[in-house]
Amino acid sequence: MPQVTINQIQINYQQIGRPSQKSALLLHGWRGSWQSFSPLVQPLSQQYQLIIPDLPGFGQSFAPAKGWPTNRFGEFLADFLTSLEINELDLVIGHSFGGKVATYSWLGKQAKMPVVPKKGLFLIGPSGIPAPQTKLVHIIKSVSSLVPELLKNQISPNWKKYLYAQIDTDLDYAHATQFQKDTLKLILSEDLRQLMSQPSNIPLNLFWGETDHASPVQLAYEWLKLSYQSQVFVVPQ
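Residues numbered from 1 in each chain as written. Predicted model: local features only at pLDDT ≥ 70, side-chain atom pairs only at ≥ 80, totals over all residues. Heavy atoms only, no water.

## Comments concerning the overall build of the chain
Consideration 1: Along the chain, the regular secondary structure elements total eight helices and eight strands.
Consideration 2: In the chain, buried positions account for 44% of the 237 residues.
Consideration 3: Considering only intrachain contacts with a sequence separation of at least 6, the fraction spanning at least 24 residues in the chain is 77%.
Consideration 4: If you sum the accessible surface of the chain, you get close to 12600 Å²; carbon and sulfur atoms cover 53% of it. (Helix = DSSP H or I, 4+ residues; strand = E, 2+ residues; numbered from the N terminus. Buried < 20%, exposed > 50% of the residue type's maximum accessible area, 1.4 Å probe, protein only. Contact = heavy atoms within 4.5 Å. Areas by Shrake-Rupley, 256 points an atom, 1.4 Å probe, with all protein chains shown as cover.)

Written out as structure tokens, the structure is:
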């Protein structure tokens, strides 16, 4: 598996397809890796050269010493593309957290990417716009903030899994590494809508599962406001 060092962090990635083909960047979701896109590799590599990194702290890539907010992942992505000398991109595909990183990187106020994807962003159930909290989630978070860490460590693993599932089934905090836990504390309060200066002209193509619980389909229509050229495709489940 190819490796590259970005700001003293060893990054593993895959580059699949012929160099003569148009390039597509694929960004995996939370606790995923390049292998998350295995079902798409064969069909997409017929048309594109695929660039699929394990994001810092995920898969086989090394983890930074401290947790990162989303903007640090965006800075990493710019350096990563520059390091690989990627001068053209046809499209970017991002799933869940990878969709959030892609959106911040190309649509954010401080976006300074070295290349713009010609066909835009293709996001699958992206995170980044918080879903409205239920009363149960609000109670759990409020109580959790008052409980000392020592007492939290006495809670059985099964109860932890249940409580975390009520907050967000996709994040799976209970099984996260220390870097991922520290990162979660920084990114959970972020709202991409506050990081946009105005709607972008980069095409935004959204794919949403009709019964997606981690990122409810209602959020798709908030995402549509982030680009002048946006569309959503709801996939029945």
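## Some details on the pairing of strand β5 (residues 91-95)
Consideration 1: Here β5 lies mainly inside the structure; four of its five residues are buried.
Consideration 2: In this sheet, strand β6 (residues 121-124) lies alongside β5 in parallel orientation, the contact comprising four bridges. The residue of β6 that forms the bridge with G94 is L123. (Pairing = 2+ DSSP bridges.)

## Regarding the packing of aromatic side chains
Consideration 1: Counted under the stated rule, the structure contains ten aromatic pairs.
Consideration 2: Judged by centre distance (5.4 Å) and plane angle (85 degrees), the ring pair of W30 and F97 falls under edge-to-face. A residue pair is termed long-range when its members are at least 10 positions apart, and W30 in the loop between β3 (22-27) and α1 (38-44) and F97 in helix α3 (residues 97-107) qualify at 67 residues. As far as the burial class goes, W30 and F97 line up, both buried.
Consideration 3: Taking 6.5 Å as the distance between ring centres and 20 degrees as the angle between the ring planes, the aromatic pair formed by F122 and F207 counts as stacked. Residue F122 is located in strand β6, and its partner F207 is located in strand β7 (residues 204-209); the two are separated by 85 residues in the primary sequence.
Consideration 4: Here the aromatic cluster, defined as three or more aromatic residues joined through ring pairs, consists of W30, F58, W68, F73, F97 and F179. (Phe/Tyr/Trp six-rings, centres within 6.5 Å; stacked < 30°, edge-to-face > 60°.)

## Examining the environment of K181
Consideration 1: For K181, the location among the structural elements is in helix α7 (residues 178-187).
Consideration 2: Under the relative-accessibility criterion, K181 is labelled partly exposed at 23%.
Consideration 3: For the pair K181 and G67, spaced 114 residues apart in sequence, the C-alpha separation works out to 7.5 Å.

## Points about the confidence of the model for the chain
Consideration 1: On average, the chain scores 85 in pLDDT, and the residues at 70 or more come to 81%.
Consideration 2: Of the regions scoring below 50 in pLDDT, residues 134-140 engages in eight contacts with residues more than four places distant in sequence or in other chains. (pLDDT = per-residue confidence, 0-100.)

## Let's talk about the layout of surface pockets
Consideration 1: Of the volumes computed, that of the second largest pocket is approximately 170 Å³.
Consideration 2: For the second largest pocket, the full set of lining residues is N71, G74, E75, A78, Y104, S105, Q110, A111, K112 and M113.
Consideration 3: Of all elements in the fold, only α2 (70-83) and α3 reach the threshold of two or more residues within the lining of the second largest pocket.
Consideration 4: Looking at the lining of the second largest pocket element by element, the count peaks at four residues for α2.
Consideration 5: Per-class residue counts for the lining of the second largest pocket are four nonpolar, four polar and two charged. (1 Å grid on protein atoms, 1.4 Å probe; cavity = no way out; pocket = protein on both sides within 12 Å on 5 of 7 lines; lining within 4 Å. Points joined across faces, edges and corners; volume = space filled by probe spheres on them. Nonpolar A, V, L, I, M, F, W, Y, C, P; charged D, E, K, R; others polar.)

## Details of the sheet that holds β3
Two strands in a sheet stick together by hydrogen bonds in their backbones, pointing the same way (parallel) or opposite ways (antiparallel).
Consideration 1: Read across the open sheet, the eight strands follow the order β1-β2-β4-β3-β5-β6-β7-β8; overall the sheet is mixed. Pairing within the sheet leaves two strands with one partner each, and these edge strands are β1 (3-6) and β8 (230-235). When strand polarity is set aside, the average angle formed by the axes of neighbouring strands in this sheet is 20 degrees.
Consideration 2: Running over the sheet, α2 touches β1, β2 (9-16), β3 and β4 (48-53) and is turned about 125 degrees from β1. (Axes fitted to C-alpha atoms, helices over the stretch in contact; angles between N-to-C directions.)

## Description of the nonpolar core
Consideration 1: Counting 47 residues, the largest nonpolar core has L25, F80, L81, W106 and W223 as its most contacted members.
Consideration 2: With residues near it in sequence (within four places) discarded, W106 still touches L25, L77, L81, L89, V92, A111, M113, V115, V116, P117, L121 and I202.
Consideration 3: Counting residues in each nonpolar core, the second largest holds ten residues, with L26, F37, Y48 and I93 among its members. (Core = buried A, V, L, I, M, F, W, Y, C linked by side-chain atoms within 4.5 Å.)

## A word on unusual backbone geometry
Trans is the prevailing form of peptide bonds, just as negative phi is the prevailing case for residues other than glycine.
Consideration 1: Residues other than glycine seldom take positive phi values, yet R31 does so here, at roughly 60 degrees.
Consideration 2: On the basis of relative accessibility, which here comes to 37%, the residue R31 falls in the partly exposed class.
Consideration 3: Positive phi, normally seen in glycine, also occurs at S96, with a value near 55 degrees.
Consideration 4: Residue placement: S96 occurs in the loop between β5 and α3.

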